[in-house]
Amino acid sequence: MFRLLRKSRPEKQAWERDKLPRHIAIIMDGNGRWAKQRALPRKAGHAAGAETFRRIATYCKDIGIEYLTVYAFSTENWKRPAEEVGTIMALLEKYLHEAIEKMERDKVKMKFFGDVSVLSPKLRKLIEETEVLSQKFEGVQVNICVNYGGRDEILRAVERYTKDLSDSALPKPKRLTEEVFSEYMYSAHVPDPDLIIRPSGEMRISNFLLWQSAYSELYFTDVLWPDFDEAELNRAIMSFQARDRRYGGVGK
Ligand code: IPE
Ligand code: IPE
Ligand code: MG
């Protein structure tokens, strides 16, 4: 009932265009509960969640968000039944086929964060193709986190940095600073997220962007990801714009 009421009176876009977050990151959570509420199999929730992702990515592009990073599959999600993992991977495959097909129309630069080396050869090929083909686009970048874990990302960055240090064939890497270390992350060259959104009522980070979220504004909502829409994103942006980001200083 509440949802019906809310849907029939969508909130107006009331945020300020010149204070939009440059980078929004989303933990796309709640697909399973959405399906359960409707007595549907969990896979129906994931399919609905994939639709929401398409919709929100388009909206972010339309309003001028520069970077959108979405958490699609974590390093911990392998604990789920093989059938569910298979469903998620199949949806990703379907999405990538479509993204490649519509690339010249959509003009979205796409990147993948996570260890994709363990994914199926078919999926890896699609991921590579998507990244290579979309490299030329400027304006909006969508980062999809697959087999991504914040801790895993930090460990890999340490490994890569120390490898560069000991490789005599390479110029010695710069002294380790936060900026240098950031370049060893999957998110190299991407500014830290300004706003991290987690739907579904859970108030935790679940191993998402641990390094990059140091000063991100967090926004939680009870809405389940498949129900998340443009009005919800508007609300999150308005909440973001009302925050005083002090970065440890004394503020305005
Ligand atoms: C998010 O939805 C999708 C993934 C983690 C892959 P969930 O499947 O976690 O949905 P809930 O949390 O069980 O509702
Ligand atoms: C986080 O959601 C991962 C993704 C959305 C991909 P989970 O559903 O896996 O997180 P927990 O288990 O509730 O912490
Ligand atoms: Mg979940």
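Procedures and definitions
Residues numbered from 1 in each chain as written. Chains lettered and ligands numbered in written order. Predicted model: local features only at pLDDT ≥ 70, side-chain atom pairs only at ≥ 80, totals over all residues. Heavy atoms only, no water. Phe/Tyr/Trp six-rings, centres within 6.5 Å; stacked < 30°, edge-to-face > 60°. Helix = DSSP H or I, 4+ residues; strand = E, 2+ residues; numbered from the N terminus. Buried < 20%, exposed > 50% of the residue type's maximum accessible area, 1.4 Å probe, protein only. Near = heavy atom within 4 Å. Polar contact = N/O pair within 3.5 Å; in protein donor to acceptor, adjacent residues only side chain to side chain. Areas by Shrake-Rupley, 256 points an atom, 1.4 Å probe, with all protein chains shown as cover. Nonpolar A, V, L, I, M, F, W, Y, C, P; charged D, E, K, R; others polar. Salt bridge = Lys/Arg side-chain N within 4 Å of Asp/Glu carboxyl O. Pairing = 2+ DSSP bridges. Axes fitted to C-alpha atoms, helices over the stretch in contact; angles between N-to-C directions.

So, about the packing of aromatic side chains. A complete count under the given rule lists ten aromatic pairs for this structure. Each ring, one from tyrosine 71 and one from phenylalanine 208, has its centre 4.5 Å from the other, and the planes form 15 degrees; the classification is stacked. Here tyrosine 71, found in strand E2 (residues 67-74), pairs with phenylalanine 208, found in the loop between strand E5 (195-198) and strand E6 (217-220); they are 137 residues apart in sequence, far enough to count as distant. The two residues tyrosine 71 and phenylalanine 208 agree in class, both being buried. Through pairs of rings, three or more aromatic residues link up here, namely Tyr71, Tyr148, Tyr186 and Phe208.

Our focus in this paragraph is the site of ligand 1. Near ligand 1 you find 13 residues, and of these Asp29, Gly32, Arg33, Arg42 and Arg80 are the closest. In this structure, an oxygen atom belonging to ligand 1 sits 3.1 Å away from a main-chain N or O atom of asparagine 31. Interatomic distance of 2.9 Å between a side-chain N/O atom of arginine 42 and an oxygen atom of ligand 1. Compared with its free state, where it exposes 370 Å², ligand 1 has 87% of that area covered by protein. Residue assignment for the shell around ligand 1 shows that the elements contributing at least two residues are helix H2 (31-37), helix H3 (42-63) and helix H4 (82-101). Of all the elements, H2 adds the most residues to the shell around ligand 1, at three residues. Of the residues that constitute the shell around ligand 1, the class distribution is three nonpolar, five polar and five charged.

Turning our eyes to something else, we now look at the pattern of salt bridges. Pairing is possible between side chains of opposite charge, provided their charged atoms come close. A complete count under the given rule lists 22 salt bridges for this structure. Between aspartate 152 and arginine 156 there is a salt bridge, with its nearest N and O atoms 2.8 Å apart. In this pair, aspartate 152 and arginine 156 are both assigned in helix H7 (residues 150-166), four residues apart and thus about one turn of the helix distant. One salt bridge in this structure joins arginine 235 and glutamate 232, with 3.0 Å as the shortest N-O distance.

Below, the discussion takes up unusual backbone geometry. Phi is positive for alanine 39, which is not a glycine, with a value near 55 degrees. Despite not being glycine, serine 200 has its phi angle at roughly 85 degrees, a positive value. With a relative accessible area of 6%, serine 200 lands in the buried category.

This next bit is on the sheet that holds E6. Pairing within the open sheet is parallel, and its six strands lie in the order E3-E4-E2-E1-E5-E6. A single partner strand is all that each edge strand has here, and the edge strands are strand E3 (109-113) and E6. With strand direction ignored, the average angle separating the axes of adjacent strands in the sheet is 20 degrees. Bridge analysis of strand E1 (residues 23-27) against E5 gives three bridges, and the strand direction is parallel.

Our next topic: the site of ligand 2. Inspection of the region around ligand 2 gives Ile27, Met28, Asp29, Tyr71, Ala72, Phe73, Asn77, Arg80, Arg198, Arg204 and Ser206 as its neighbouring residues. Between ligand 2 and arginine 80 there is a distance of 3.2 Å, counted from an oxygen atom to a side-chain nitrogen or oxygen. In the model, an oxygen atom of ligand 2 is placed 2.8 Å from a nitrogen or oxygen of the arginine 204 side chain. Relative to its unbound accessible surface of 390 Å², ligand 2 loses 79% to contact with the protein. Looking at which element gives the most residues to the shell around ligand 2, the answer is E2, with three residues. Of the residues contributing to the shell around ligand 2, the split by class is five nonpolar, two polar and four charged.

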